[in-house]
Amino acid sequence: MATGKGLFGSSLARKYWMALTGLFLCSFLVIHLLGNLPLMTGDHEAFNIYARFMTTFPVIKAVSYLLYASILLHTVDGLMLTRQNSAARPVKYANYNGAANASWASRNMALLGTFTLVFLIVHLKSFWFEMHFGNVPTVLIEGEEVKDLYTLTVTSFAQWWYTAFYVFAMAMLGFHLWHGFSSAFQTLGINHPTYTPIIKGIGAFFALVIPGVFALIPIVIYLNSLAA
Amino acid sequence: MNLTLQIWRQNGPQDAGRTVTYPVSNVSPDMSFLEMIDELNIDLIKKGEEPIAFDHDCREGICGMCSMFINGEAHGPDRGVTTCQLHMRTFKDGDTITVEPWRAKAFPVIKDLMVDRSAFDRVIQAGGYISVNTSGNTLDANAILVPKADADAAFDAATCIGCGACVATCKNASAMLFVSAKVSQLALLPQGKVEAAERVQNMVRQMDLEGFGNCTNTGACEVECPKGISLENIARMNREFLSASLTH
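Note that the coordinates shown come from a computational prediction; the quantities given were computed from them, not determined experimentally.

## Focus: the overall build of chain B
Then step 1. Broken down by element type, chain B carries nine helices and seven strands.
Then step 2. With the C-alpha coordinates aligned to their principal axes, the bounding extent of chain B is approximately 60 × 40 × 35 Å.
Then step 3. Here chain B holds 248 residues, and 47% of them are scored as buried.
Then step 4. For chain B, restricting intrachain contacts to residue pairs at least 6 apart in sequence, the fraction spanning at least 24 positions comes to 70%.

## A short note on the overall build of chain A
Then step 1. Check the secondary structure of chain A and you find eight helices and two strands.
Then step 2. Starting at the N terminus and ending at the C terminus, chain A contains elements arranged as α-α-α-α-α-β-β-α-α-α.
Then step 3. The principal-axis extent of the C-alpha atoms belonging to chain A is close to 65 × 45 × 40 Å.
Then step 4. Across the 228 residues that make up chain A, the buried fraction comes to 29%.
Then step 5. Summarising the internal contacts of chain A: among those between residues at least 6 apart in sequence, 75% fall at separations of at least 24.

## Let's talk about the sheet that holds strand E1 (residues 3-9) of chain B
Residue and element names in this part refer to chain B.
Then step 1. Here five strands make up an open sheet; going across it, the order is E2-E1-E5-E3-E4 and the pairing mixed. Strands at the two margins of the open sheet, each flanked by one partner only, are strand E2 (18-24) and strand E4 (73-74).
Then step 2. Here strand E3 (residues 69-70) runs beside E4; their pairing, made up of two bridges, is antiparallel. Note that in E4 the partner of isoleucine 70 across the bridge is glutamate 73.

## Remarks on the interface of chain B and chain A
Then step 1. Contacts between the two partners involve 42 residues from chain B and, on the opposite side, 40 residues from chain A.
Then step 2. Elements with a minimum of two residues in the side of chain B that touches chain A: strand E5 (96-100), helix H7 (196-209), helix H8 (220-224) and helix H9 (232-247) of chain B.
Then step 3. Along the lines of polarity and charge, the residues of the side of chain B that touches chain A split into 13 nonpolar, 18 polar and 11 charged.

## A short note on helix H2 (residues 118-125) of chain B
All names here are of chain B.
Then step 1. Turning to H2, its buried residues are Ala119, Phe120 and Val123. End-on, the buried residues of H2 take up no more than an arc of 100°, which puts them together on one face.
Then step 2. Buried residues in H2 make contact with helix H5 (176-187) and H7.

## A few points about the pairing of strand E1 (residues 138-141) of chain A
Residues and elements named next belong to chain A.
Then step 1. Relative to strand E2 (residues 144-147), E1 runs antiparallel, the two sharing four bridges. Considered in E2, the bridge of threonine 138 is made with lysine 147.
Then step 2. Hairpin connection between E1 and E2: a loop of two residues separates the two successive antiparallel strands, and glutamate 142 in this loop has a positive phi of roughly 50°.

## Side note on the domain arrangement of chain B
Residues and elements named next belong to chain B.
Then step 1. Segmentation of chain B into domains returns domain 1 (3-111) and domain 2 (118-247).
Then step 2. Across the boundary between the two partners, domain 1 contributes 18 residues, which contact 16 residues of domain 2.
Then step 3. In terms of residue class, the side of domain 1 that touches domain 2 is made up of nine nonpolar, six polar and three charged.

The rules we used
Along each chain, residue indices are assigned from 1 in the same order as the chain's sequence is written. Lettering of chains starts at A and numbering of ligands starts at 1, both following the order in which they are written. Only residues with pLDDT of at least 70 are given local features in this predicted model, and only at 80 or more are side-chain atom pairs given and counted; all residues enter the totals for whole chains, interfaces and linings. Each helix corresponds to a stretch of at least 4 residues labelled H or I by DSSP, and each strand to a stretch of at least 2 residues labelled E; elements are numbered beginning at the N terminus. Counting other C-beta atoms within 10 Å of its own, a residue is labelled buried from 20 upward, exposed at 12 or fewer, and partly exposed in the gap between, with every C-beta atom placed from the backbone. Contacts are defined on C-beta atoms placed from the backbone: any two residues whose C-beta positions lie within 7 Å are in contact. Criterion used throughout: strands pair if DSSP finds at least two bridges between them. Any residue that is not Ala, Val, Leu, Ile, Met, Phe, Trp, Tyr, Cys, Pro, Asp, Glu, Lys or Arg is counted as polar, Gly included; the first ten are nonpolar and the last four charged. By construction, the arc corresponds to the directions joining the helix axis to the C-beta atoms. Note that domain bounds follow an automatic or database assignment of domains.

What follows is the structure, given as structure tokens:
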């Protein structure tokens, strides 16, 4: 009869939640990046309409709660797993050659995840919090007052250190995704001679392109601010 | 060859232990790593010192006893070998070589390089078997048809010798490769399918109780495994456990 703790409590279950929330967060990255693209072209109006849509459209609002829950679960679950992993080897090796058999990203997921979380807190404070609760000046679009997130963003990234922080954070996220994307599929039991190399390829593409374009946006804004 | 060995010495489970440096000379490149330690032990005994305790048995790579963490890797730098199959020609004259026991909460040190791996036995006892009637009307196993691909995959999983290199090398001291091999070798065969759902749940529960870490899919276990057990087994166990959790 049933002897396990089902989808809660066991080591495998914790990993399933890690994989599911991780993949959901990956899907969010794509949507977020698409919405950010007007920043690259300097389309003031399109970006502000997107920002208003993201904060007011009911479906997006509902999904956003799922997103916050996923971030929280991914973080708490990750912390619990890391604590257990550390406890599983109380006496460490004097000589441990981790590079001989595993990639750097795969061995440093907790560190990379922690940095991503720190970035996320700074990022949410700067834009999400300001957009929702701050006093962002408004602009008129089609006769309607809309919070001017575009100007706030462009002003922020005109500071070189702020842009540098974002670029570094995206590099860390890239490493996290480099291992995390394909790892999630393995955790969910998908390992196939034909499909796994494809998944790994998509994972590598995802890890390079998504954080890469995300990082490019602040760089473009910064360079434009220098020109202006 | 002349070498410097830095070997972990620990008098018993309660002893704190320490690294002791031993210079060894006239080592033949054709010796196995264990023969080199044998020679060192002969010298130690002649000097009236306690020889280094280490596990070994078959010395042909099938018993899985010779657990040594050499230069930061399980069974040393070679691939697909146990310590008894590691030859001194892998090293260079003048090298310093570190030798440590498997490090895991679930594998407590007994003495020096010997660890207690009975946690693996308890995982097997939790489900690594099939229940068959042995009262005289036993079915001939060969009477049950098994697809060739399944039989091959089950056999590949069954080549696991339970040496513990996967646990030793995993940065999380996870036993997923071992447990998944034992789950797979039975789950793939018709005789094992009957109890598959209970088996995977019981074995995973015991694995967790023993204090092994979690799998982060680094793949280090697959690289260091002397028998080339594949990560596909871990994926299979993940599938088996997921479906068992949803249906049982």
